[in-house]
Amino acid sequence: MKPVVFEPFRIKMVEPIRLSTEDQRAAFLKAAHYNPFLLRSDDVLIDLLTDSGTSAMSSEQWAAMMRGDESYAGARSWERFEAEVKDLTGMPHILPTHQGRAAERLLYGHLGGRGKVFISNTHFDTTRANIEFSGAEAIDLPVAVGLDPQALDAFKGNLDVEALERTVAEKGAANVAAVILTVTNNSGGGQPVSMGNAKAVQAVCRRHGIPFVLDACRIAENAWFIRDREPGYADRGYRSIAQEMFGLADAATMSAKKDALVNMGGFLTLRDDRLADEITQLLIITEGYTTYGGLSGRDMEAVTQGLKEVFDPDYLDYRITSTRYLGDHLMALGVPIMRPVGGHAVYVDARGLYPHIPVDQYPGQALVCELYRIGGVRCVEVGSVMFGKYDAAGALIPAAMDLVRLAIPRRVYTQSHIDHVVQSFGRVVKERDHAKGYRITKEPRFLRHFTARFEPV
Ligand SMILES: *Cc1c(COP(=O)(O)O)cnc(C)c1O
């Protein structure tokens, strides 16, 4: 018998999934111009588009929401939220925001501007966008092994510290506005960052007087990998590992839509009093008063409770092993994936799966469409549709890789749902030679993957 991933929760409320036939899905796909972003969620069986804001909340979170104090200023919900985030991060200044990118805009809008440089293991796309929008430059310095899809390194999310030293020297420390460590590193499916790497990055920042910022969206999942893989942490609690990492940083941003197990929320935390004063002005102007930011009292209650639950060892074990379960079973089918499997997603190498589909016919889009038609599984292309550009002659400049991301919502799907995904891949593999490429028939200028239209070649 195959190993069972025991889900450490039972189901109290259900959301029906509307079943559909393959013929129906072929018609839905055509009507959506072969872009799963344009599908209705009702027509999807298993939605692996993103792990952001898609968590199932617990009974304790729903109960906490009933306690929400919606007072404009000084609400009890704010006091609980502030105490929880202070305890976790050890930082004195807590600024609530409606989601992660609002925290990023506040911090990077303030620290950034023309001539400034930000350095990261990998900037998440909203992080990069906020930095570039301010006029500053965003430089990614992942460790080399992180760029090798098959290398089985323990911490492929690390930042290349030697390259950091070189880049700081080249750009001048005074021009480096901040170094940002994204934990886990979202690109590549949530590859972890070691505590040793965070310490080495902090040391460089200290020496040069550069602020060290954590993008802490998945810091609980990252703590699981540190305890599992980094010497010296096997006896430590997950929360205490996260606290140690926050303790190294001068500031942190967090989208609560990930590891705070809620559908909306975020925060910015700061150590520096003056910086906090200045950014608080911006918070009030653009997000809301200091004791709610962009959040209602009940949202803050749900985040406060979610930040406790996410460090439960049984939850984290289930979370990481269930993601790995999907990766292991896809590998057993011969599906090429990025390895090792990270915390929140499995990435499939669509070029490897469909060597007969030319890159300018978007093998990733082909896989996304096949998976939906065959199994009603929705996921996202992360390749030449998302990142491709055109040269002067109008020919596609493809992305470095054509990947498809299967992101796993937290506490939402059971092992049998994931088995359905695996089974669907079984047919994808069997029918791989018949899969066809796609051409784009209509596209916007920016972020084309959201709204572009396609047709089969
Ligand atoms: C989701 C995410 C963000 C942005 O947060 P939103 O809540 O979507 O605005 C920033 N960084 C990382 C690593 C993320 O995954």
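A closer look at the overall build of the protein
Within the protein, the regular secondary structure consists of 17 helices and 16 strands. Scaling as 2.2 N^0.38, a compact globule of 457 residues should have a C-alpha radius of gyration of about 23 Å, and the protein matches this with 22 Å. For the protein, with 457 residues in total, the buried portion stands at 55%. When contacts within the protein are restricted to residue pairs at least 6 apart in sequence, those whose partners lie at least 24 apart make up 72%. Seen as two clouds, the 52 positive and the 57 negative side-chain charges of the protein have centres 3 Å apart.

Quick word on the site of the ligand
Taken together, 14 residues lie around the ligand, and Gln 99, Arg 101, Asp 215, Ser 255 and Lys 258 are the ones closest in. At 2.9 Å from an oxygen atom of the ligand is found a side-chain nitrogen or oxygen belonging to Gln 99. The separation between a nitrogen atom of the ligand and a polar side-chain atom of Asp 215 is 2.7 Å. At three residues, helix H4 (residues 100-111) tops the list of elements feeding residues into the shell around the ligand. Taken together, the residues of the shell around the ligand sort by class into two nonpolar, six polar and six charged.

Thoughts on the pairing of strand E9 (residues 345-349)
Counting buried positions along E9 yields four of five residues, so the element is predominantly enclosed. For E9 and strand E14 (residues 403-407), the ladder comprises five bridges, and the chain directions are antiparallel. What sits directly across from Ala 345, in E14, is Ala 407.

Focus: unusual backbone geometry
Cis geometry is found at the peptide bond from Val 183 to Thr 184, where omega equals -20°. Along the polypeptide, Thr 184 turns up in the loop between strand E5 (176-182) and helix H7 (187-190). Omega for the peptide link from Arg 339 to Pro 340 comes to -15°, which places this bond in the cis form. Positive phi outside glycine occurs at His 33, with the angle close to 55°. Note on placement: His 33 falls in the loop between helix H1 (22-31) and strand E1 (46-47). Relative accessible area serves as the criterion here: at 27%, His 33 is assigned to the partly exposed category. Phi angles above zero are rare outside glycine, and Leu 261 is one such case at about 60°. By the secondary structure assignment, Leu 261 is in the loop between strand E7 (251-255) and strand E8 (266-270). A relative accessible area of 0% means that Leu 261 is categorised as buried.

A look at the environment of Gly 383
Assignment of secondary structure puts Gly 383 in the loop between strand E11 (380-382) and helix H16 (384-387). Between the C-alpha atoms of Gly 383 and Asp 402, which are 19 residues apart in sequence, the distance is 4.0 Å. The contact partners of Gly 383, leaving out residues within four places of it in the chain, are Gly 388, Ala 399, Met 401, Asp 402 and Leu 403.

Here's the deal with the environment of Ala 452
Within the element layout of this structure, Ala 452 appears in the loop between strand E15 (438-442) and strand E16 (453-456). Other than its neighbours up to four places away in sequence, Ala 452 contacts Asn 35, Leu 38, Lys 442, Glu 443 and Pro 444.

Quick look at the pattern of salt bridges
A full pass over the atoms with the stated rule returns 34 salt bridges. Between Arg 207 and Glu 165 there is a salt bridge; the shortest N-O distance is 3.1 Å. Placement of Arg 207 in helix H8 (residues 195-208) and of Glu 165 in helix H6 (residues 161-171) is noted, with a sequence separation of 42 residues between them. With its nearest N and O atoms 3.3 Å apart, the salt bridge here joins Asp 259 to Arg 410. With Asp 259 in the loop between E7 and E8 and Arg 410 in the loop between E14 and helix H17 (415-430), this residue pair connects regions lying 151 residues apart in the sequence. Take Asp 259: its relative accessible area is 1%, and that puts it in the buried class. Residues joined in a network through salt bridges with shared partners are Asp 51, Arg 218, Glu 221, Asp 259, Arg 319 and Arg 410.

Some remarks on the side chain of Arg 411
Following the sequence through the fold, Arg 411 ends up in the loop between E14 and H17. Classification of Arg 411 as buried rests on a relative accessible area of 13%. A distance of 2.9 Å separates the side chain of Arg 411 from the side chain of Glu 309, its partner in a polar contact. In contact with Arg 411, other than residues within four places in its own chain, are Phe 9, Ala 56, Met 57, Ser 58, Gln 61, Leu 261, Glu 309, Tyr 315 and Tyr 318.

As for the domain arrangement of the protein
When cut into domains, the protein gives domain 1 (22-51 + 312-456) and domain 2 (59-309). Distance between the C-alpha centres of domain 1 and domain 2: 28 Å. Across the contact, 23 residues belong to domain 1 and 26 residues belong to domain 2. Around 2200 Å² of area is buried between domain 1 and domain 2 when both sides are counted, 53% of it from carbon and sulfur atoms.

Reading the values: the criteria
Residues numbered from 1 in each chain as written. Predicted model: local features only at pLDDT ≥ 70, side-chain atom pairs only at ≥ 80, totals over all residues. Heavy atoms only, no water. Helix = DSSP H or I, 4+ residues; strand = E, 2+ residues; numbered from the N terminus. Rg over C-alpha atoms; globule rule 2.2 N^0.38 Å. Buried < 20%, exposed > 50% of the residue type's maximum accessible area, 1.4 Å probe, protein only. Contact = heavy atoms within 4.5 Å. Lys, Arg positive; Asp, Glu negative; His and termini not counted. Charge placed at Lys NZ, Arg CZ, Asp CG, Glu CD. Near = heavy atom within 4 Å. Polar contact = N/O pair within 3.5 Å; in protein donor to acceptor, adjacent residues only side chain to side chain. Nonpolar A, V, L, I, M, F, W, Y, C, P; charged D, E, K, R; others polar. Pairing = 2+ DSSP bridges. Salt bridge = Lys/Arg side-chain N within 4 Å of Asp/Glu carboxyl O. Domains from an automatic or database assignment. Buried area = accessible area lost by both parts, 1.4 Å probe.

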